[in-house]
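# Structural description and commentary
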Amino acid sequence: MKKYFPFFRKYRKALLLAPALVVIDVICEIVQPELMSEIVDNGVMHKSMTSILHTGGLMVGLSLVAIAANVGNIYFSSHASVGFAAELRKGLFNKIQEFSFSNLDKFSSASLTTRVTNDVNIIQEVVMMSLRLLIRAPLMLLFAAVIAIRINASLASIIGIAIPVLAVSIYFILRRGLPFFEKMQQRLDKVNGVIQENLVNVRVVKSFVREDFEKKKFGYTNDELKEMAVRASGMVVLIMPVMQLVMNVSIVAIVWFGGNKIMSGTLQVGQLMSFITYITQILMSLMMLSMTIMTFSRAEASSERILEVLNTEVDIVDSPGAKEKNLLIKKGKVEFRNVCFKYHPDGAEYVLKNINLIVQPGENIAIIGSTGSSKSTLVELIPRLYDVSSGQILIDDADIRDFTLLNLRTSVSLVLQQNELFSGTIKQNLKWGNVNATDNEIIAAAKDAQAHDFIMSFPEQYETVLGQSGVNISGGQKQRLCIARAILSKPAILILDDSTSAVDTATEAKIRASFSEHLKDVTTLVIGQRVSSIQAADRIIVLDNGEIIGLGSHDELVKSNAVYREIYESQQLQKETAL
Ligand SMILES: Nc1ncnc2c1ncn2[C@@H]1O[C@H](COP(=O)(O)OP(=O)(O)OP(=O)(O)O)[C@@H](O)[C@H]1O
Ligand SMILES: [Mg+2]
């Protein structure tokens, strides 16, 4: 609960006013039947018009106050619950933004989306319900019981039997029904998962003509959800007739015993009427209470899922003191000292083993190695997308953990292997790397990434609108925009993870040429699969199974490194056979 307090902060006033208005509403409502009995017993029985008018006027007045209080309560509780939900969604979204890569590895994006939307909605409903019913129902029950006992204690003993009977039946119904609701929530999660995964991969589905398979898969999960929803609501629907039965039996009993009392003169007609109303109110409150309990228990699963996100410890944050030191990266020297890394702390195998490496400022380093040899992992450690398991990475001779994440990541620009663009114009996408970039800088960066020409060939040029993740441009064009975006942030260290895999060799050569001309002072680490695209690098790292097994220029490696020579020769062979 405590975790939720900050999200209520803005709505403290509404949180106090809503229950206060409930109390006013209940008080106004609860005296109505008694006033009614007054009209019957004093006004009608004694034919006193003034008494009828007087009490009737009071009833109308109190009704108006009750209506006003109720409207006020609806206003404040909606205000508070909707506002709370908005704050909570914002809180969750912001928290997810802080997540490190390894935090993100733990949640599927479908599940995060369900948590931020559906689960928050359920909590919102609970807040709304708490502010309206949670206080109202017990208060009503208490007042009605007290008044009923005051009217006639022996008649009130009937409630003493009705309440436990109803409470026990509701308890058993809920005990059977609630597990269904929990399962329903899990199945909803599954439905959302299937939809999301399908939408993300809809192009793959189409190209493999697997629509029917996907339809069946969805139909199955959807049916499972439906079945559970039917079973859950079936249980709850039972509450209604049980309550009706208990209520009717109670009323019959009251009329029977009350009738006898009227005949013997110990009870008046009006009193009996109001007594019946109070009994109804008591049983209704009990039902409202059970509904609230049900909603609460249903929401528990959602709350747990939300708290799981809020309580996730972000494992990569600024080290203590980093802010005060405010170290900046100036030269771009990178050093790995005995770096070992594994993705899961309890995993057995290290994916990087004893990496030792010094990259000089402005140096142009290439990394090559078979797939799965940990090339991406190696470079992702530099901007602290993951933290080393042991050893140390230094930039400009300072441990990377001594920089703030902001300073580190602004100076280390990494074009990820799986890079994405956002929906918006090309210019917006490029500026995303540096919001203060001028038009000239944008064009210069696009030229360096060999993107300018194709951008200018579009009718709208830099204002061309890209669809979600850049669907309306080619793979190679997208890669070049990603490179331009990275250059624009003016990094001291630029890392390209296989970022020209979809670019033809001639264009790739041009990118390399403009890099060596315009990004001379920038330390670059380039992961590549083709020897032709990396052989001009100052030095080449050969990675194999998480270890550096070769380091040197192309010529040196061809001579001395068997693995490199093998890669080189197989690619030469491919070229010759292609010719
Ligand atoms: N997020 C992750 N969680 C757990 N293991 C991972 C994760 N990412 C990669 N791995 C594992 O780490 C190893 C190295 O992967 P990495 O992506 O660094 O290889 P790579 O050399 O970049 O391969 P490729 O050439 O295919 O891009 C692989 O065995 C992979 O299964
Ligand atoms: Mg990779």
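Within each chain, residues carry numbers counting from 1 in the order of the written sequence. Each chain takes a letter, starting from A, and each ligand takes a number, starting from 1, following the order in which they are written. Two thresholds apply to this predicted model, a pLDDT of at least 70 for residue-level local features and 80 or more for giving and counting side-chain atom pairs, whereas whole-chain, interface and lining totals are computed over all residues.

### Quick word on the overall build of the protein
Secondary structure elements are defined from DSSP: runs of H or I of at least 4 residues count as helices, runs of E of at least 2 residues count as strands, and each element is numbered from the N terminus. Summing up its helical and strand segments, the protein has 23 helices and 12 strands in all. Relative to a compact globule of 579 residues, whose C-alpha radius of gyration would be 25 Å, the protein shows 36 Å and is clearly more extended. In terms of overall dimensions, the protein has C-alpha extents of about 120 × 50 × 45 Å along its principal axes. Three classes are used. A residue is buried when 20 or more other C-beta atoms lie within 10 Å of its own, exposed when 12 or fewer do, and partly exposed in between, with C-beta atoms placed from the backbone. Within the protein, buried positions represent 33% of all 579 residues. Of the contacts made within the protein by residues no fewer than 6 positions apart, 79% connect residues no fewer than 24 positions apart. The reference for a compact globule is 2.2 Å times residues^0.38; the radius of gyration itself is calculated from the C-alpha atoms. Note on contacts: residues are paired as contacts if their backbone-placed C-beta atoms lie within 7 Å.

### Considerations on the domain arrangement of the protein
Each domain of the protein was delimited in the assignment, giving domain 1 (2–310) and domain 2 (334–578). Domain ranges listed in this record stem from an automatic or a database domain assignment. The straight-line distance from the C-alpha centre of domain 1 to that of domain 2 is 56 Å.

### Details of the sheet that holds strand β5 (residues 398–399)
Strand pairing is assigned whenever DSSP identifies at least 2 bridges connecting the two strands. Taking strand neighbours across the sheet as the criterion, the 4 strands line up as β2-β1-β4-β5 in an open arrangement whose pairing is antiparallel. At either margin of the open sheet sits one strand with a lone partner, and together these are β2 (352–359) and β5.

### Quick word on the sheet that holds strand β9 (residues 493–497)
In spatial order, the strands read β6-β9-β10-β3-β11-β12; together these 6 strands make up an open sheet with mixed pairing. Of all the strands in the sheet, just β6 (412–415) and β12 (547–552) have a single pairing partner and so form its edges. Neighbour-to-neighbour, the strand axes of this sheet turn through a mean angle of 15°, independent of strand direction. Convention adopted: a line fitted to C-alpha atoms gives each axis, helices being fitted over their contacting stretch, and angles between N-to-C directions are expressed from 0 to 180 degrees. Along the sheet, helix α19 (residues 475–488) contacts β6 and β9; its crossing angle with β6, the most-contacted strand, is approximately 175°.

### Let's talk about helix α8 (residues 153–200)
The end-to-end C-alpha separation of α8 is 67 Å, in line with the 70 Å expected for 48 residues at 1.5 Å each. Bend, at a single residue, is the angle you get between axes fitted to the 7 residues ending at that residue and the 7 residues starting at it. Where α8 bends most, the angle comes to about 30°, and this point is G177, followed within four residues by the proline P179. An expected span of 1.5 Å times one less than the residue number is assigned to each helix.

### Overview of the site of ligand 1
Contact assignment follows one rule, namely that a residue is near a molecule or strand if its backbone-placed C-beta atom lies within 6 Å of it. Surrounding ligand 1, one finds D105, Y343, V351, G369, T371, G372, S373, S374, K375, S376, T377 and Q417. Residue contributions to the shell around ligand 1 peak at 3 residues, all from helix α14 (residues 375–380). Residues are grouped as follows: Ala, Val, Leu, Ile, Met, Phe, Trp, Tyr, Cys and Pro are nonpolar; Asp, Glu, Lys and Arg are charged; all remaining types, including Gly, are polar. A breakdown of the residues in the shell around ligand 1 according to their chemical character gives 2 nonpolar, 8 polar and 2 charged.

### Some thoughts on the packing of α8 against helix α12 (residues 269–310)
Across the interface, α8 lies against α12 with an axial gap of 10 Å and an inter-helix angle of 20°. By the angle between their axes, α8 is roughly parallel relative to α12. The crossing of α8 and α12 is right-handed. Mapping the contact onto sequence places L155, I159, A162, I163, L166, A167, I170, L174, L178, F181, E182 and Q185 in α8 and F275, I279, I282, L283, L286, S290, I293, M294, S297, R298, A301 and S302 in α12. When the residues that make up the contact of α8 with α12 are grouped by side-chain class, the tally is 18 nonpolar, 4 polar and 2 charged. Working definition: roughly parallel below 35 degrees, roughly antiparallel above 145 degrees, roughly perpendicular at 65 to 115 degrees, and oblique for all remaining angles. Here is the rule for handedness: rotate from the far helix to the near one, and if that takes an anticlockwise turn smaller than a right angle the crossing is left-handed, while a clockwise turn gives right-handed.

### Here we look at helix α4 (residues 49–98)
In a regular helix each residue adds 1.5 Å, so 50 residues correspond to 74 Å; α4 covers 72 Å between its end C-alpha atoms and thus fits that length. The set of residues buried in α4 consists of T55, A66, A69, N73, F76, S77, A80, S81, F84, A85, L88 and L92. Packed against the buried residues of α4 are α1 (5–8), α2 (12–30), α3 (32–44), α6 (109–134) and α12.

### Re the environment of L557
Counting through the fold element by element, L557 comes out in helix α22 (residues 554–560). Judged by local crowding, L557 falls into the buried class, with 24 C-beta atoms found within 10 Å. The spacing of L557 and Q281 is 276 residues in sequence and 89 Å in space, taken between C-alpha atoms. If we skip the residues at most four places from it in the chain, L557 touches I540, V542, G550, G552 and Y564.

### Regarding the nonpolar core
The nonpolar core criterion groups buried Ala, Val, Leu, Ile, Met, Phe, Trp, Tyr and Cys residues into a set whenever they are joined through C-beta atoms within 7 Å. Judged by nonpolar contacts, the single largest core of 62 residues is most densely connected at I367, A484 and I495. Ranked by residues supplied to this core, first place goes to α19 with 7 residues. Discounting chain neighbours no more than four positions away, the residues touching I367 are K375, L378, L525, I527, I541 and L543. With 53 residues, the next largest nonpolar core counts L92, V120, L166 and V309 among its residues.

### With respect to the pairing of strand β1 (residues 334–341)
Of the pairings in the sheet, the one linking β1 to β2 comprises 5 bridges and is antiparallel in character. The residue bridging F336 from the neighbouring strand is L357, located in β2. In this sheet, strand β4 (residues 390–395) lies alongside β1 in antiparallel orientation, the contact comprising 5 bridges. Along β4, the bridge assignment pairs R337 with Q392.

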